Amino acid sequence: MQRIGITGVGEIGKALVEGLRSGGGASPEVFLSPRGARVAAELSERFEDIQVCADNQEVVDRSELVIIAVRRQDHHEALAGLKVANDKTVVNLMAGVAIDDLRRTLATGAPIVRAIPLPAVRERRSVTVTCPSHPVVDALFEQLGGALSVADEDAFNVFSALTGTLTAHYVYLATLTSWATDHGIAPDAADQYVRGLFQNVGRSLNEASRPLHQLAADHETPNGNNERIRTTWFDPANAAALKEALDGLLSDLK
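Residues numbered from 1 in each chain as written. Predicted model: local features only at pLDDT ≥ 70, side-chain atom pairs only at ≥ 80, totals over all residues. Heavy atoms only, no water.

Draft legend 1. Structural view of a nonpolar patch on the surface. Taken together, the side chains of V127, L148, V158, F159 and L162 present a nonpolar region at the surface, about 390 Å² in accessible area. No other element matches helix α7 (residues 153-163), which puts 3 residues into the nonpolar patch. Structurally, V127 is set in the loop between β6 (112-116) and β7 (128-131). For V127, a relative accessible area of 49% translates into the label partly exposed. (Patch = residues over 30% accessible without salt bridge, like charges linked within 9 Å, V, L, I, M, F, W, Y side chains within 5 Å. Areas by Shrake-Rupley, 256 points an atom, 1.4 Å probe, with all protein chains shown as cover. Salt bridge = Lys/Arg side-chain N within 4 Å of Asp/Glu carboxyl O. Helix = DSSP H or I, 4+ residues; strand = E, 2+ residues; numbered from the N terminus. Buried < 20%, exposed > 50% of the residue type's maximum accessible area, 1.4 Å probe, protein only.)

Draft legend 2. Structural context of the sheet that holds strand β3 (residues 50-52). In space, the 8 strands of this open sheet follow the order β3-β2-β1-β4-β5-β6-β7-β8, with mixed pairing throughout. A strand with exactly one partner marks an edge of an open sheet, and here the two such strands are β3 and β8 (147-149). Neighbouring strand axes in the sheet, compared pairwise and without regard to direction, differ in orientation by 25° on average. The sheet contacts of helix α1 (residues 11-21) involve β1 (3-7), β2 (29-32), β3 and β4 (65-68), and relative to β2 the element is tilted by about 165°. (Pairing = 2+ DSSP bridges. Axes fitted to C-alpha atoms, helices over the stretch in contact; angles between N-to-C directions. Contact = heavy atoms within 4.5 Å.)

Draft legend 3. Quick look at the environment of C131. With respect to the element layout, C131 can be found in strand β7. Measuring from C-alpha to C-alpha, the distance between C131 and D154 comes to 9.9 Å, with 23 residues separating the pair along the chain. Those residues in contact with C131, other than ones at most four positions away along the chain, are I99, I112, V113, R114, V150, A151, D152, E153 and F156.

Draft legend 4. Examining unusual backbone geometry more closely. Cis geometry marks the peptide bond from C131 to P132, where omega comes out at -10°. Position of P132 relative to the elements: it lies in the loop between β7 and α6 (135-143). Its identity as a non-glycine residue notwithstanding, A107 has a phi of 50°, on the positive side. Checked against the element boundaries, A107 lands in the loop between α5 (99-106) and β6. Look at A107 and you get exposed, because its relative accessible area is 68%. Unlike most non-glycine residues, R124 shows phi in positive territory, near 60°. Along the chain, R124 falls in the loop between β6 and β7.

Draft legend 5. Highlighting the side chain of N56. Relative to the helices and strands, N56 resides in helix α3 (residues 56-62). Residue contacts for N56: discarding those within four places in its chain leaves T7, S33, P34, R35, A78 and L82.

Draft legend 6. Focus on the domain arrangement of the chain. For the chain, the domain assignment lists domain 1 (3-150) and domain 2 (155-253). Between domain 1 and domain 2, the C-alpha centre-to-centre distance is 31 Å. Tallying the contact residues gives 12 residues for domain 1 and 9 residues for domain 2. For the domain 1 and domain 2 pair, buried surface summed over both sides reaches about 810 Å², with 78% attributable to carbon and sulfur atoms. Area buried by domain 1 at its contact with domain 2 is led by R114, I116 and V150, which between them contribute 47% of it. For the pair domain 1 and domain 2, the number of links is 0 salt bridges. (Domains from an automatic or database assignment. Buried area = accessible area lost by both parts, 1.4 Å probe.)

Draft legend 7. Representation of the pattern of salt bridges. Taken as a whole and judged by the stated rule, the model has 14 salt bridges. The partner of R71 in a salt bridge is D74, with the nearest N and O atoms 2.8 Å apart. A relative accessible area of 52% places R71 in the exposed class. Its relative accessible area of 15% is what places D74 among the buried residues. Taking the shortest distance from any N to any O, the salt bridge between E207 and R210 comes out at 2.3 Å. Each of E11, K14, E18, E42, R46 and R122 takes part in one network of salt bridges that share partners.

Structural data, given as C-alpha cells:
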C-alpha cells in the first residue's frame, strides 16, 4: 500500500502516522484531511511525504486505502457527498458505525473494514481488531503491533466495548494516588510509586502462558493484603456492576 489517506486527524490519526513513520525503511505517502488542522499541519512539518489536502474528497482521490477517523456523531456531516471509487479500500475506525451504515453513507462498493487501533500503534505495540479480515488492512496493522481479525460485527462490538474501560483504569490509578495523598504522602511520591507499581504489573501481562486469573492468584497470598482488597472491594456485586455497564455499552454499539 503506497498511498494512505486519513479523514479526521485526531489522537488516533496522529498515532497511526507516527507508527507508520517509526519503523524505518520505505513508508507510504499519507494524505491528511483538514479536519484536525493543527495536528495535520504539525505532522506534515515533522515527516516527509505527509500532505494536508484541501478537503476529504482530495484525500480519497489521492489514496488507495482510506481511513475514516472522524467522530461518530460528526460522520454524516463530514462524509456527506463524498465519492469513493470501488477500487479503494476503506477502513472504518468509528465505534458504533456498522459496515452497512457506512456503505449507505458513502454509496460505494469498495471493501469496508472496521478496525480498533489504540494510541499504542505509535510505538507499534497495539493489537488492532479488524472485521472482516482483509489482506491489505491486516498487513497494515501487523506493522503496528498486530492484527486480530474477527469474523462478524457482533464479535467486533464486544472488543469495541472493552476499549471503553481504558479511562476507568487510569482513574482507578488516580484514585489510589489521591488516597495516598490524603494520608500524608507527597503527591509526586504517590504518583511515582503507583506508576511504577502498575508498570510492573503491565509487564507481567506479556506472560501469555498464564491466564489472567492465574496471574491474579500468583500475586496473592492467603489472607494477605491483595486478597483482602480484592474480596472486600472488587466483590461479586462490583464485578456484576462492571459487566452490567459493559452490557449497556455493547447494546448502544449495536
